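Topology and contacts: notes
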Amino acid sequence: MRIGLIVGPWFTVPPEKYGGTERVVDALARALSDAGHEVLLATAADSSCPVPQIPGFGPSVPEDLGLSFSELGHVIKAYAELRAVDIIHDHTLAGPLYAHRPPGIPVVTTIHGPLSPSYAPLYRDMAQDTAIIAISHDQCSRVEDLEISAVIHHGIDLSAVSVGHGAGGYACFVGRMCPDKGLMEAVAIAREAGVPLRIAAKMHAPDEQGYFHDVVQPSLGSNEEFVGELSDPEKYALMGNAMALLNPIQWHEPFGLVMIEALATGTPVLATPKGAAPEIVRHGVTGFVGAAKELADSVARIPDLSREVCRRSVEESFSAQRMAADHLDLYAKVIERFQARPLPEEAFRP
């Protein structure tokens, strides 16, 4: 199968540090290629994903994040260069709504962000001629009357992640510096449980910096250590040495890649029952799911959990190979339906 993948222009694939969508696309592209398929990737020119990439794009522009003119120019060029593939998997928001997509090629898109009522009309319009993938059952439960072609959980490349011993004597928090991620709740849980907390967080945007300086930094004590934003090897080392990842999210996060990354290192996850957390963490087996007070009490039960079982849960349910296989199954179905669709009337006119 010849597969075109489109990702936005703002970050590299894979990202140097923080970046969920780009990390998922990198794992998917590699796994599809390893499975013997031809993959052509539309991404920023400074990306290092080792699959063939469309030439002529500029370097990543994180400062333009969210700007429509930046994304639109990128997807227009991407579609113009993807006229010889069997299917296009577009990971942008603007691309599936582009009116001049190559005729005769089906398009699939993934909802990487929250599926809120304000976004629902956009995806309903997309669904008229685009197959839509949700990344969790919780995500697609947020709106009604939207045709979802498949729910496909994210996966990660396990070859780059080793199992840690978890003997560092601390819990960790990894995420973005914002209230929704539950950092202050993680601080409270660690203090209640009497364990040190190491904090790794992305802090680039002005609102992230403001939240850190105004709320987080004044609250940190001797029990907490802020280690900044980490590279992948540094992040996996932090997780692997931790007794647990604290992930008390305060919003309905569509997936939460950080949870399967921690489990891949063998580290249990303690999470609030929001978003996709109950679909990822098996309560009492690979971690605990509950309110903040319940999670603080659960810290004492962490030694009862098996780090091998945590790792195995990712191997069985959240590997890049499983993710690629699920996508290939959907791609084949979409192509079959697309080829079997009735031709428009104008096709029969002389």
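Note that the coordinates shown come from a computational prediction; the quantities given were computed from them, not determined experimentally. (Residues numbered from 1 in each chain as written. Predicted model: local features only at pLDDT ≥ 70, side-chain atom pairs only at ≥ 80, totals over all residues. Heavy atoms only, no water.)

1. Examining the confidence of the model for the protein chain
With 97% of its residues at a pLDDT of 70 or more, the protein chain shows a mean pLDDT of 93. Counting contacts from residues 345-350, a segment whose pLDDT is below 50, to residues more than four positions away or on other chains yields one contact. (pLDDT = per-residue confidence, 0-100. Contact = heavy atoms within 4.5 Å.)

2. Overview of helix α2 (residues 68-81)
For α2, built from 14 residues, the straight-helix expectation of 20 Å at 1.5 Å per residue is met to within 8% by its first-to-last C-alpha distance of 20 Å. If you check which residues of α2 are buried, you get S70, E71, H74, V75, A78 and Y79. Taken end-on, α2 shows its buried residues confined to a sector of 145 degrees, consistent with a single buried face. In this structure, the buried side of α2 is in contact with β1 (2-6), β2 (38-42), β3 (87-90) and β4 (107-110). (Helix = DSSP H or I, 4+ residues; strand = E, 2+ residues; numbered from the N terminus. Expected span 1.5 Å × (residues − 1). Buried < 20%, exposed > 50% of the residue type's maximum accessible area, 1.4 Å probe, protein only. Arc of directions from axis to C-beta.)

3. Brief notes about the pairing of strand β7 (residues 171-176)
Burial within β7 is extensive, with five of its six residues counted as buried. The pairing of β7 with strand β8 (residues 197-202) spans six bridges and is parallel. Each bridged residue has a counterpart across the sheet, and for C172 the counterpart in β8 is R198. In this view, the connection linking β7 to its parallel neighbour β8 by way of helix α5 (residues 183-193) has right-handed handedness. With two bridges joining them, β7 and strand β10 (residues 244-247) adopt parallel strand pairing. In the sheet register, A171 faces β10, and the bridge partner there is A244. (Pairing = 2+ DSSP bridges. Right-handed = clockwise from strand over helix to strand, strands pointing away.)

4. Considering the side chain of S70
Note that S70 resides in helix α2. The class for S70 is buried, based on a relative accessible area of 11%. Reaching out from S70, the side chain makes a polar contact with the side chain of W10 at a distance of 3.3 Å. Among all residues touching S70, those that are not within four sequence positions of it are P9, W10, V61 and D64. (Polar contact = N/O pair within 3.5 Å; in protein donor to acceptor, adjacent residues only side chain to side chain.)

5. Section: the sheet that holds β7
Taken in spatial order, the six strands line up as β9-β8-β7-β10-β11-β12 in an open sheet, and their pairing is parallel. Two strands close off the open sheet at either side, each with one partner strand: β9 (224-228) and β12 (287-289). Averaged over all pairs of adjacent strands, the angle between strand axes in this sheet comes to 20 degrees, irrespective of strand direction. Where β8 meets β9, four bridges bridge the pair, whose relative direction is parallel. Considered in β9, the bridge of L197 is made with E224. Here helix α8 (residues 257-264) sits on the sheet and contacts β7, β10 and β11 (269-271); the angle it forms with β10, its principal contact strand, is near 170 degrees. (Axes fitted to C-alpha atoms, helices over the stretch in contact; angles between N-to-C directions.)

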